[in-house]
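A look at the structure
In case you want the letters, here they are:
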Amino acid sequence: MIRTTLETRAGGLVARVTIEGLITDDRAQIELLKTLAETDRVKAVILTNNSPGGTTTGGEALYAAIGELRAKKPVIAVCGTMATSA
């Protein structure tokens, strides 16, 4: 499951994205991260991982989407109590 909130900061928006639960090949998650990467008003992303892991396919897709996002704007990672690899 992925949750997103936007917070206004000087000069733009900071998106807070929370990834919880089992990581699977979730196309909605990937599209959300792509949208954040392409949205000019979003200047940075805080990504919180509180997941026990998941499928290989889901983890690879999420990793690639985060990499594309990271190439376009700053991404801060926050690890929860169960922040594991996918």
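Please refer to the structure placed before this passage.
Residues numbered from 1 in each chain as written. Predicted model: local features only at pLDDT ≥ 70, side-chain atom pairs only at ≥ 80, totals over all residues. Heavy atoms only, no water.

Attention now moves to the overall build of the chain. For the chain, the count of helices and strands is 2 helices and 4 strands. Counting over 86 residues, the chain shows a buried share of 31%. For the chain, the proportion of contacts with a sequence separation of at least 24, taken over those separated by at least 6, is 79%. About 5100 Å² of surface is accessible on the chain, with carbon and sulfur atoms providing 56% of the total. (Helix = DSSP H or I, 4+ residues; strand = E, 2+ residues; numbered from the N terminus. Buried < 20%, exposed > 50% of the residue type's maximum accessible area, 1.4 Å probe, protein only. Contact = heavy atoms within 4.5 Å. Areas by Shrake-Rupley, 256 points an atom, 1.4 Å probe, with all protein chains shown as cover.)

Turn by turn, an α-helix covers 3.6 residues, leaving residues three or four places apart pointing in a common direction. In a regular helix each residue adds 1.5 Å, so 17 residues correspond to 24 Å; helix α2 (residues 56-72) covers 25 Å between its end C-alpha atoms and thus fits that length. Residues of α2 that are buried include every one of G58, G59, L62, A65, I66 and L69, and no others. Buried residues in α2, looked at end-on, bunch into an arc of 135 degrees, giving them a common side. Of the exposed residues in α2, the ones pointing more than 90 degrees away from its buried face are T56, E60, Y63 and A71. For α2, the secondary structure elements touched by its buried residues are β2 (12-20), α1 (27-38), β3 (42-50) and β4 (75-79). (Expected span 1.5 Å × (residues − 1). Arc of directions from axis to C-beta.)

In this structure, V17, L33, L36, V45 and L62 are the most contacted members of the largest nonpolar core, which totals 16 residues. If you list the elements that add at least two residues to this core, you get β2, α1, β3 and α2. (Core = buried A, V, L, I, M, F, W, Y, C linked by side-chain atoms within 4.5 Å.)

This part takes up the side chain of S51. Along the chain, S51 falls in the loop between β3 and α2. Within the local environment of S51, its side chain forms a polar contact with the backbone nitrogen of G53, the two atoms lying 3.0 Å apart. (Polar contact = N/O pair within 3.5 Å; in protein donor to acceptor, adjacent residues only side chain to side chain.)

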